[in-house]
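# Overview (structure and organization)
Here are the chains, one letter per residue:
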Amino acid sequence: MKIHIFHTGEVRVSPYLPFGGDNCSLFKASGLTTPKNKWMWLPVSCYLIEHPKGRILVDCGWHRDISPDGKFCMWTQMRSLGSPLLYMVNQARLPLGQAIDEQLANNGLKPSDIDIVLLTHLDCDHAHGLRAMHEAKRIMVAKDELACARRNGLVRYQKKWWKGVELESFDWNATEGPAHKSYDLFGDGSVSLVNIPGHADGLFAVKLKNTEGKFVLLFSDGGYATRSWKEMITSGISLDKVMQRKSLEWIRQQSMDKNCVVSIANHDPDVQAKTIEL
């Protein structure tokens with residue numbers, strides 16, 4: 001397998017959102033009381049996996065319409081996100097050429113060349129670019145996450161991000177992970193979607209394993225950087241703090257496993273765009 005890491009622009013957030021810790025409130029994590037000069041820009045990553053059974057894309061980043069000319073614009077972003085409050089919590093920066101469909105084109109691929117799109121969860125910086133990938137053969141999201149989006153749709157999630165896109169929801173078919181919920185994508189253990197709830201109910205990590213048992217762990221927003229699991233720092237945005245910490249403990253255990261080649265957070269500023277061979 002080959003795992004290509006793409007950075008599809010950046011997201012600007014209060015430092016309490018990624019690294020707020022167990023006692024951080026949602027209000028504090030929102031950054032509404034934190035001066036903007038203390039906020040931080042973090043990469044928004046997507047991953048293209050070349051697997052013997054097809055091409056897999058993990059997450060979609062920002063859609064081009066959040067920044068049509070590649071420049072930051074408050075009003076354009078508010079319209080694109082569909083929520084002024086979401087804009088107040090996180091802003092996007094998407095230079096020309098960095099949207100996921102643009103990066104695929106730079107690699108000679110069209111959205112229709114992608115066999116499966118995996119949405120680790122439906123937050124804006126993971127699902128906003130989904131409409132650009134609507135021609136992919138399959139687009140998969142956990143049933144738990146769709147239910148989570150329905151319950152939290154007034155503020156956190158906006159259906160317009162996946163309007164007109166055929167989503168294939170799945171239920172867990174295996175028991176790996178902190179919640180004992182996972183999904184074996186091909187039935188051979190090579191691609192496991194492991195539920196790591198807390199930040200979002202249906203959030204999953206993608207565990208890619210070769211025939212020798214070596215694996216790469218893409219743990220999405222289960223933590224925001226390597227320091228998250230090394231120092232056990234939970235993020236400030238959480239629906240269930242107890243499960244969020246339990247999920248981070250599982251990420252730590254996996255990351256320290258002798259068979260783990262590398263574990264990667266979606267927004268880690270220390271992770272560079274590159275290709276990993278597994």
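Because the structure is predicted, anything quoted here is derived from the model rather than measured.

Counting its regular elements, the protein contains nine helices and 13 strands. Computed over its C-alpha atoms, the radius of gyration of the protein comes to 17 Å, within 12% of the 19 Å expected for a compact globule of 278 residues. Sorting the 278 residues of the protein into buried and exposed places 58% on the buried side. The contacts in the protein between residues at least 6 apart in sequence include a share of 69% that link residues at least 24 apart. For the protein, the exposed area adds up to about 11600 Å²; of that, 51% sits on carbon and sulfur atoms. When the 34 positive and 31 negative side-chain charges of the protein are each reduced to one mean point, those points stand 4 Å apart.

By the element assignment, leucine 96 lies in the loop between strand E4 (91-93) and helix H5 (100-106). Sequence separation between leucine 96 and threonine 34 is 62 residues, and the spatial gap between their C-alpha atoms is 29 Å.

Together, Phe27, Leu32, Leu85, Met88, Leu154 and Val155 give the surface a local cluster of nonpolar side chains, amounting to about 590 Å² of exposed area. Positionally, valine 155 belongs in the loop between helix H7 (143-151) and strand E7 (168-170).

This paragraph deals with the environment of histidine 180. Structurally, histidine 180 is set in the loop between E7 and strand E8 (182-184). Linking histidine 180 and asparagine 195, residues 15 residues apart in sequence, is a C-alpha distance of 7.7 Å.

Turning to the state of the cysteines, a few remarks are in order. Evaluation of the coordinates by the stated rule reveals zero disulfides. Cysteine cysteine 148 shares no disulfide, and the gap to the nearest cysteine sulfur, in cysteine 124, comes to 14 Å.

The full count for this structure, using the stated rule, is six aromatic pairs. A centroid spacing of 5.4 Å and a plane angle of 90° characterise the contact between phenylalanine 170 and tryptophan 172, whose relative ring orientation is edge-to-face. The exposure class assigned to tryptophan 172 is buried, which follows from its relative accessible area of 14%. Through pairs of rings, three or more aromatic residues link up here, namely Phe170, Trp172, Tyr183 and Phe204. One cation-aromatic arrangement involves lysine 28 over tyrosine 16; the distance from NZ or CZ to the ring centre is 4.4 Å. Just above the ring of tryptophan 41 sits the side chain of arginine 93; from NZ or CZ to the centre is 3.9 Å.

Note on placement: histidine 63 falls in the loop between strand E3 (54-58) and helix H3 (74-81). Judged by relative accessible area, histidine 63 falls into the buried class, the value being 17%. A polar atom in the side chain of histidine 63 sits 3.0 Å from the backbone nitrogen of aspartate 65. Look past the residues within four positions of histidine 63 in its chain and what remains in contact with it is Leu94, His128, Gly129, Arg131 and Ala132.

A separate point is the pattern of salt bridges. For the structure on display, the rule yields 14 salt bridges. Ionic pairing is found between lysine 110 and aspartate 113, a salt bridge with its closest N-O pair at 3.6 Å. In this structure, the salt-bridge partner of arginine 138 is glutamate 168, at a minimum N-O distance of 2.7 Å. Note that arginine 138 is positioned in strand E6 (residues 138-142) and glutamate 168 in strand E7, a separation of 30 residues in sequence. Judged by its relative accessible area of 30%, glutamate 168 is partly exposed.

Judged by nonpolar contacts, the single largest core of 63 residues is most densely connected at Trp62, Val117 and Leu122. Sorting elements by how many residues they give to this core places strand E2 (residues 40-51) first, with four residues. Filtering out sequence-adjacent residues up to four positions away, leucine 122 remains in contact with Ala127, Val141, Glu145, Leu146, Ala149, Tyr157, Trp161 and Trp162. Counting residues in hydrophobic clusters, the runner-up holds 25 residues, among them Val58, Ile116, Val191 and Phe204.

A word on unusual backbone geometry. Although it is not a glycine, histidine 180 sits at a positive phi angle of roughly 60°. A relative accessible area of 54% places histidine 180 in the exposed class. Even without being a glycine, methionine 232 presents a positive backbone phi close to 55°. Here methionine 232 lies in the loop between helix H8 (226-231) and helix H9 (241-255).

The rules we used
Residues numbered from 1 in each chain as written. Predicted model: local features only at pLDDT ≥ 70, side-chain atom pairs only at ≥ 80, totals over all residues. Heavy atoms only, no water. Helix = DSSP H or I, 4+ residues; strand = E, 2+ residues; numbered from the N terminus. Rg over C-alpha atoms; globule rule 2.2 N^0.38 Å. Buried < 20%, exposed > 50% of the residue type's maximum accessible area, 1.4 Å probe, protein only. Contact = heavy atoms within 4.5 Å. Areas by Shrake-Rupley, 256 points an atom, 1.4 Å probe, with all protein chains shown as cover. Lys, Arg positive; Asp, Glu negative; His and termini not counted. Charge placed at Lys NZ, Arg CZ, Asp CG, Glu CD. Patch = residues over 30% accessible without salt bridge, like charges linked within 9 Å, V, L, I, M, F, W, Y side chains within 5 Å. Salt bridge = Lys/Arg side-chain N within 4 Å of Asp/Glu carboxyl O. Disulfide = S-S within 2.5 Å. Phe/Tyr/Trp six-rings, centres within 6.5 Å; stacked < 30°, edge-to-face > 60°. Lys NZ or Arg CZ within 6 Å of the ring centre and 35° of its normal. Polar contact = N/O pair within 3.5 Å; in protein donor to acceptor, adjacent residues only side chain to side chain. Core = buried A, V, L, I, M, F, W, Y, C linked by side-chain atoms within 4.5 Å.

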